[in-house]
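# Report on the structure
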Amino acid sequence: MGTPRDRARKLVPGAVPILVLLVLFLVGQSAVAAPDGSRLADRYRFRELPIAMPPGYDNQPMKTIRPVNPAYEHLVSWISSVGASIAMNDLVGHGRADALCIVDTRTNSVIVTYTPTAPQQDRFTPFTLNAAPLPYDDTMAPTGCTPGDFNGDGRMDLLVTYWGRTPILFLARSTATTPSPAAYEPTELVPQVSTDGGYHGPRWNTDADYVADLDGDGHPDIVIGNYFPDSDVLDPHGLNNVQMNLSLSSATNGGGDRVLRFLSGAGGEHPTASYVEDRDAIPYDASTGWTLAISGADLTGSGVPDMYLANDFGHGHLLHNVSSPGRIRFTEAKGQRSPTTPKSFVLGNGSFKGMGVDFGDVNRTGRFDFAVSNITTAWGLQESNFLFMNQAEDNAAMAGSLADGVAPFTQEAQQYGVAWTGWCWDVKFGDFRNDGTLAMVQADGFVKGDTDRWNWLQEMAMTNDDLLSNPAMWPNVRPGDDIAGDQALAFYAREGSGRYVNISKELGLAVPTPTRGIATADTTGTGALDLAIARQWGPPAFYANSSPDRGDYLDLNLFRPAAPGRSGGMAGVGTPAYDATVTVTTPSGSQVSQLDGGGGHGGFRSFGVHFGLGDEMGPVSVQVRWLDLQGHRHEQTTTLKPGEHTLMLTDGIQEVTNR
């Protein structure tokens with residue numbers, strides 16, 4: 001038996017790892033604790049306001065599940081766990097981002113309405129978008145609604161993505177004077193012909209899209225991120241042609257990513273828009289994942305954005321833009337590993353479950369950083385969110401690194417306090433206090449029910465990867481089962497030390513219903529960013545920002561001239577200057593932001609470029625970089641007073657009056 005000392009000595013090798021794990025867990029828990037939550041929350045205030053829905057909408061049955069392919073029946077709640085979406089933008093053309101486009105999974109409807117803060121002249125009867133006369137049936141469901149001017153006529157159109165078919169463009173008619181069902185012309189994004197009224201096109205299953213001028217020709221292009229491969233996912237009588245992710249960390253058997261380049265467009269009573277797929281735009285090895293989020297930013301000052309693909313069950317990819325007008329091409333850049341860097345923290349090598357991404361200037365360096373959402377549930381699947389901090393000295397240094405295939409970013413989520421939230425989805429940066437500091441809002445939660453099924457999921461995580469693509473090998477996730485169902489929206493505010501603290505509970509935002517998409521916009525013209533939230537199997541929410549003691553601000557509405565015949569109806573002052581990048585310099589430092597054409601997972605901010613200026617009450621230096629409609633790059637520095645400005649970008653900058 002040995003002496004007590006001998007027995008204790010034998011226990012040491014096993015006890016040391018346990019002790020290390022315990023210490024790491026306690027450190028992690030202290031990192032997500034919020035001792036300053038109440039103090040930080042006093043600086044913010046949000047008021048939930050009711051969203052106007054179409055007449056009679058709330059009287060119809062509300063679903064909590066979707067019909068699915070028979071091969072998925074035992075995990076129907078898992079398959080039904082995505083699709084909620086929300087966007088805020090100016091649909092009326094009056095110059096204020098006070099309209100909403102919502103995908104409500106409870107009814108599989110795409111709803112167009114106004115924000116609760118909209119003035120009377122911007123209000124209209126809420127309605128649902130109808131794809132008719134295009135083919136549409138019960139084996140399809142909408143998953144996203146992205147506003148944009150897709151034909152260059154100065155009117156805001158809507159791009160709707162689906163499971164079960166290719167996306168549809170709802171193009172605004174020149175004869176329409178207010179949003180309504182008749183104001184939009186449904187148009188296939190991917191041309192196809194139906195001789196019998198049925199749908200015979202590709203069965204795309206889209207969970208993400210990104211709109212940006214990728215080739216620098218002055219017009220928006222579209223990247224579609226598909227999750228499942230083309231298959232009958234939502235058809236209860238469909239073929240047994242479905243599958244699941246092959247591997248929990250490096251799955252490459254997904255629907256992948258499609259890049260659609262703008263060809264032509266025209267306004268009118270029957271507007272048109274034509275796009276063509278650039279099939280080799282993305283390196284093949286980076287194009288076959290299970291994509292849940294896409295976003296981008298001009299990291300090099302070239303005038304065109306680089307792009308990040310966030311994939312579930314596999315590597316995310318940072319793609320360097322090497323396009324030229326008429327030809328979209330990307331190369332991949334990856335991070336470099338140091339002796340102290342975990343393998344999964346190296347950009348491009350992450351094995352986590354990427355489900356959201358957004359770019360922002362976290363430390364006021366004048367360079368873009370970006371955040372990526374993952375599954376981060378303690379005692380569940382505790383991976384880590386990513387906060388990739390830009391280490392390049394300037395745009396030129398970044399350009400050189402990316403050209404060499406090197407992504408100079410370091411993963412610092414734990415250091416900043418945002419590593420662990422829950423089962424995370426869309427993520428959005430925003431300065432809600434106008435103090436020059438970005439907060440971070442993150443959607444959270446998965447499947448809501450009564451019976452905790454984390455143990456089944458943990459068992460699946462130990463399954464042989466060779467079995468996982470077969471749906472039959474996945475655990476039951478049926479109605480009543482719960483996986484992270486009570487996790488709530490996170491609102492990370494930054495404290496004096498530079499770390500972030502989640503104050504969602506203190507702000508009254510921690511509703512225990514899974515959330516998916518996040519939209520932000522200054523809907524009132526007062527410099528206050530409001531929040532709109534899409535919930536999975538729950539009603540959407542709108543939170544008006546009434547934070548006290550907000551600082552001064554600069555809001556920029558950036559346009560290029562629209563095609564001839566722009567005036568009238570729902571036309572704005574021009575067409576959005578996609579991907580225009582703005583750097584504001586004050587004695588406190590520099591901030592960079594951009595006109596975001598739409599990206600992330602399920603949530604789309606407005607086109608307004610927003611800066612908080614804090615106590616800087618005087619004029620500020622503003623550098624704008626943009627491409628004109630001929631694809632020529634321009635850069636100009638001007639001085640602007642705090643407040644809202646509408647700028648027309650041609651060969652130079654001209655301030656104009658908003659409608």
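Residues numbered from 1 in each chain as written. Predicted model: local features only at pLDDT ≥ 70, side-chain atom pairs only at ≥ 80, totals over all residues. Heavy atoms only, no water.

### Considerations on the state of the cysteines
The final tally for this structure, using the stated rule, is one disulfide. Linked covalently through their sulfurs, Cys101 and Cys145 form a disulfide whose S-S length is 2.0 Å. Handedness of the Cys101-Cys145 disulfide follows from its S-S torsion of about 90°: it is right-handed. Here Cys101 is found in strand β3 (residues 99-104), whereas its partner Cys145 is found in strand β6 (residues 141-148), with 44 residues between them in sequence. No difference in accessibility class separates Cys101 from Cys145, as the two residues are buried. (Disulfide = S-S within 2.5 Å. Helix = DSSP H or I, 4+ residues; strand = E, 2+ residues; numbered from the N terminus. Buried < 20%, exposed > 50% of the residue type's maximum accessible area, 1.4 Å probe, protein only.)

### A look at the UniProt feature "domain: ASPIC/UnbV" (unreviewed entry) in the chain
Residues annotated in UniProt with the feature "domain: ASPIC/UnbV" (unreviewed entry) correspond here to residues 577-630. For residues 577-630, the helix share is 0%, the strand share is 52%, and the end-to-end C-alpha distance is 12 Å. (UniProt positions renumbered as here; feature names shortened; annotations may be inferred.)

### Notes on the pairing of strand β12 (residues 256-266)
On any regular strand, side chains alternate: one points to one face of the sheet, the next to the other face. Sheet topology note: the strand β11 (residues 221-226)/β12 ladder contains five bridges and is antiparallel. Residue pairing for β12: Ile222 is matched across the bridge by Leu260. Count of turn residues in the β12/strand β13 (residues 272-277) antiparallel hairpin: five residues, of which Gly268 carries a positive phi of about 130°. (Pairing = 2+ DSSP bridges.)

### Remarks on the domain arrangement of the chain
Splitting the chain by domain gives domain 1 (41-545) and domain 2 (552-655). In this structure, domain 1 and domain 2 have C-alpha centres spaced 23 Å apart. Counting from both sides, the interface comprises 85 residues of domain 1 and, opposite them, 51 residues of domain 2. Summed over both partners, the interface of domain 1 with domain 2 comes to about 4600 Å²; 47% of that surface belongs to carbon and sulfur atoms. In terms of surface lost to domain 2, no three residues of domain 1 exceed Arg155, Arg364 and Asn434, which account for 12% of the buried area on that side. Where domain 1 touches domain 2, the interface holds two salt bridges. Glu644 is paired through a salt bridge with Arg96; the nearest N and O atoms lie 2.9 Å apart. Along the contact surface separating domain 1 from domain 2 lie 31 residue pairs in polar contact (both at pLDDT 80 or more). Elements that contribute at least two residues to the side of domain 1 that touches domain 2 include exactly β2 (85-89), β6, β10 (206-212), β14 (290-297), β18 (356-360), β22 (424-430) and β28 (515-521). Its residues placed into classes, the side of domain 1 that touches domain 2 shows 36 nonpolar, 30 polar and 19 charged. (Domains from an automatic or database assignment. Contact = heavy atoms within 4.5 Å. Buried area = accessible area lost by both parts, 1.4 Å probe. Salt bridge = Lys/Arg side-chain N within 4 Å of Asp/Glu carboxyl O. Polar contact = N/O pair within 3.5 Å; in protein donor to acceptor, adjacent residues only side chain to side chain. Nonpolar A, V, L, I, M, F, W, Y, C, P; charged D, E, K, R; others polar.)

### Notes on the confidence of the model for the chain
Across the chain, the average pLDDT comes to 93, with 94% of residues at 70 or higher. Across residues 12-34, confidence stays below pLDDT 50; counting only partners more than four residues off in sequence or on other chains, it has 12 contacts. (pLDDT = per-residue confidence, 0-100.)

### Concerning the sheet that holds strand β16 (residues 317-321)
Pairing between the strands of a sheet comes from backbone hydrogen bonds, and it takes one of two forms, parallel or antiparallel. Read across the open sheet, the four strands follow the order β14-β15-β16-β17; overall the sheet is antiparallel. Each end of this open sheet is capped by a strand with a single partner; those strands are β14 and β17 (330-333). Sheet twist, expressed as the mean angle between neighbouring strand axes with direction ignored, is 30°. (Axes fitted to C-alpha atoms, helices over the stretch in contact; angles between N-to-C directions.)

### Describing the side chain of Thr115
Tracing the backbone shows Thr115 in the loop between β4 (109-114) and β5 (127-128). Overall, the relative accessible area of 0% leaves Thr115 in the buried class. In contact with Thr115, not counting residues within four places along its chain, are Met88, Ala97, Asp98, Ala99, Leu100, Arg123, Thr523 and Phe542.

### Topic: the pairing of strand β7 (residues 157-163)
Counting buried residues along β7, seven of its seven residues qualify, which places the element largely inside the surrounding structure. Residues of β7 alternate between two faces, with Asp157, Leu159, Thr161 and Trp163 on one and Leu158, Val160 and Tyr162 on the opposite face, all of them buried. Direction of pairing for β6 relative to β7: antiparallel, over a ladder of seven bridges. Looking at β7, one finds that Gly148 is bridged to Asp157. Pairing of β7 with strand β8 (residues 168-172), which is carried by three bridges, proceeds in the antiparallel orientation. Counted as the bridge partner of Leu159 is Leu169 from β8. Between the end of β7 and the start of β8, which pair antiparallel, lie four residues, with Gly164 showing a positive phi angle near 100°.

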